[in-house]
Amino acid sequence: MASTGRGDGLALPKVQCPNRPDAMLVEDYRAGPECGLVVGDRMIDVGSEWRTFTNEKATKDPSRVGDAQNPLLNGGDLTTMISKGTGAASFDEFGNSKYQNRRTMSSSDRAMLNAFKEITTMADRINLPRNITDRTNKLFKQVYEQKSLKGRANDAIASACLYIACRQEGVPRTFKEICAVSRISKKEIGRCFKLILKALETSVDLITTGDFMSRFCSNLGLPKQVQMAATYIARNAVEQDLVPGRSPISVAAAAIYMASQASAEKKTQKEIGDIAGVADVTIRQSYRLIYPRAADLFPPDFKFDTPVDKLPQL
Amino acid sequence: MDEDSALDDPIANVSGPSYLSSLSQPEKDVGKDLDLSFLPEETSGNYASNANVTQDSGVFDACRQEESAETDPKKVAMPGASTFCPMTPVIPVAESSGIIPMLQNIVSTVNLACPLDLKSIALQARNAEYNPKRFDAVIMRILEPRTTALIFSSGKMVCTGAKSEELCHLAARKFARVVQKLGFPAKFLDFKIHNMVGSCDVCFPIRLEGLLLDHQQFSSYVPELFPGLIYRMVKPRIVLMIFVSGKVVLTGARERREIYEAFENIYPILKGFRKQ
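Residues numbered from 1 in each chain as written. Chains lettered and ligands numbered in written order. Predicted model: local features only at pLDDT ≥ 70, side-chain atom pairs only at ≥ 80, totals over all residues. Heavy atoms only, no water.

A. Local environment of the environment of Cys179 of chain A. Residues and elements named next belong to chain A. Secondary-structure assignment places Cys179 in helix α4 (residues 175–180). Linking Cys179 and Ala160, residues 19 residues apart in sequence, is a C-alpha distance of 9.8 Å. The residues contacting Cys179, other than those within four sequence positions of it, are Ile184, Ser185, Lys186 and Ile189. (Helix = DSSP H or I, 4+ residues; strand = E, 2+ residues; numbered from the N terminus. Contact = heavy atoms within 4.5 Å.)

Below, the structure written as structure tokens:
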């Protein structure tokens, strides 16, 4: 279990190699990679607790050293929590449990911990990777410490942070997708989003049609050819300014509709509208705008199942 | 006298003096039809107190001089221009954009200075709705000028929907008149305009993404939430909603000149982001 750790921890004195103070120190129980000089031998391991897997009788492993420390996000989790007792001795004469008071620990971070739990739950519902969750947690911590949005529901701020994190990681989710996993309304998430951007003095890039193509197309079960064609159509439609003022999601949905209708895998407007979170009349409106130029919007190497002139005209 | 019919038909047969008509008609016509001079002039503002009572026709009239009844040749500058304070230079048409934002809505408040029984007002007055479970105020409407007022039991009133300051003042006075006719000792204190909304068209399409990139600290453009770009101008403190079509809505002004100033500031910026 070799882990590379920097020798310079949080507090003085710094542990350094006496010969080369700048060298990165390696925490390795076996042998170091370079000169092999042992610099320190009593290191406090801040990883998660060590489990001893033995085949002997399944006694409870008594070495409890606690959860992995998460210093980035908590204010130093050095609290002790007393859990509910299991034996008979933990109850006093009236049947109430002794040591009841296990709730008021780390009260300053309680709301933050709750929010982190909520963020993890939301991200889990749409299978977001750990890096987005971590970024969301960092954003939430920044907003929470700033206290400028203190009056707002923590869930709303958490949802907005999740939205921003997805954007910042380059894989934006639509507001409707975030709404689907959150109890907060789109309006409130939108409000918190704008407030957070102002509070943290950051900005996000504008969404483009291509950001959603892979997700929408795979959810619809469209083959890669159709997805590439839809991406191409949407990009050209925006470049040629055929759809001024239309939300990129609507344009993407209309492009998917056109591409799928020209291929063997035809999808209805309703199906696409369900996946994209767009009304089918909206798809119809955007489709009407791109339909006249359909012939030059398709990529040159596209194999038409339905020729361009036979595309549905709504 | 049309005053009693004000209860049945609070509109009366008055063509309220609009900005345009003030250039053509003398104000005395209005004064005859609807005598609003009954309202004791306890305003802190100087609008009505300047003119003497006989001349007062409820026309919003800050710093107007005595010869105001005749059409002042100076004021023939352009329609919709501010005519009250001759000291403020009227924006010349020849310079810059040549487009004047039109005012669409003005929100004002006035204090009638007496507690009101909303139920009796709602029962007696025409065009009044009162649903205490939904909102604790009477919502009253008049047809000329087409405005709506929220009348609260404390005696305070909010007047919305007018298209010019003069009309707003006139409408507020009409509402106060209605309340007075219903038996309450209504006064007309502290009339103040709180918000003015204007709109105009620059007549060319705009690249909102470009505008967002350049003016990031002032702009907010989230097409998922709202199709227009929201530009918060610092001086004057006005919020503009700019659309791809070239239409611009300006709001948050206390005075008409703030709207004009904001538009004159944004016009050259928008010209730089014209779509080719």
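B. Up close: the nonpolar core. By size, the foremost hydrophobic cluster in this structure holds 59 residues, and its most contacted members are Leu116, Leu240, Ile242, Leu250 and Leu270 of chain B. Among the elements that make up this core, the one with the highest residue count is helix α6 (residues 165–181) of chain B (eight residues). If near-sequence neighbours (up to four positions away) are discounted, Leu270 of chain B is found in contact with Val202, Phe204, Ile206, Leu211, Ile242 and Val248 of chain B. Counting residues in hydrophobic clusters, the runner-up holds 38 residues, among them Val251, Ala262, Ile290 and Phe298 of chain A. (Core = buried A, V, L, I, M, F, W, Y, C linked by side-chain atoms within 4.5 Å. Buried < 20%, exposed > 50% of the residue type's maximum accessible area, 1.4 Å probe, protein only.)

C. How the structure looks around the pattern of salt bridges. As enumerated under the stated definition, the model contains 18 salt bridges over all chains in all. Put simply, Asp280 of chain A and Arg284 of chain A hold a salt bridge, and the shortest N to O gap is 3.6 Å. Of this pair, Asp280 of chain A and Arg284 of chain A both sit in helix α10 (residues 280–290), four residues apart, which is roughly one turn of the helix. Overall, Arg284 of chain A belongs to the partly exposed group, its relative accessible area being 25%. Salt-bridge contacts for Glu255 of chain B lead to Arg257 of chain B; the nearest nitrogen and oxygen are separated by 3.0 Å. Taking the relative accessible area as the measure of exposure, Glu255 of chain B reaches 37% and is therefore partly exposed. Overall, Arg257 of chain B belongs to the partly exposed group, its relative accessible area being 40%. Each of the salt bridges in this network shares a partner with another, and the network as a whole consists of Lys235, Glu255, Arg257 and Glu261 of chain B. (Salt bridge = Lys/Arg side-chain N within 4 Å of Asp/Glu carboxyl O.)

D. Broad picture of the side chain of Arg256 of chain B. All names here are of chain B. With respect to the element layout, Arg256 can be found in helix α8 (residues 256–272). A residue is classified by how much of its surface remains accessible, and Arg256, at 6% relative accessible area, is buried. A polar contact of 3.0 Å, which involves the side chain of Arg256, links it to the side chain of Tyr260. (Polar contact = N/O pair within 3.5 Å; in protein donor to acceptor, adjacent residues only side chain to side chain.)

E. The state of the cysteines, seen in detail. All names here are of chain A. A full pass over the atoms with the stated rule returns zero disulfides over all chains. Cys166 forms no disulfide, and the closest cysteine sulfur to it belongs to Cys161, at a distance of 11 Å. You can call Cys166 buried: its relative accessible area is 0%. Free cysteine Cys192: the closest other cysteine sulfur is in Cys161, separated by 8.8 Å. (Disulfide = S-S within 2.5 Å.)

F. Structural context of helix α5 (residues 186–200) of chain A. All names here are of chain A. Counted at 1.5 Å a residue, the expected span for α5 with its 15 residues is 21 Å, and the 21 Å between its end C-alpha atoms agrees. The complete set of buried residues in α5 reads Glu188, Ile189, Gly190, Cys192, Phe193, Ile196, Leu197, Ala199 and Leu200. Among the structural elements, α2 (130–146), α3 (154–168) and α4 are those in contact with the buried residues of α5. Positive backbone phi, approximately 55°, marks Glu201, located one or two places after α5. (Expected span 1.5 Å × (residues − 1).)

G. Broad picture of the environment of Lys98 of chain A. Residues and elements named next belong to chain A. With respect to the helices and strands, Lys98 occurs in the segment before α1 (110–125). C-alpha of Lys98 to C-alpha of Val281: the two residues are 183 residues apart in sequence and 63 Å apart in space. Contact partners of Lys98, with chain neighbours within four places excluded, come to Ala89, Ser90, Phe91 and Asp92.

Honestly, it's all geometry; don't read function into it.
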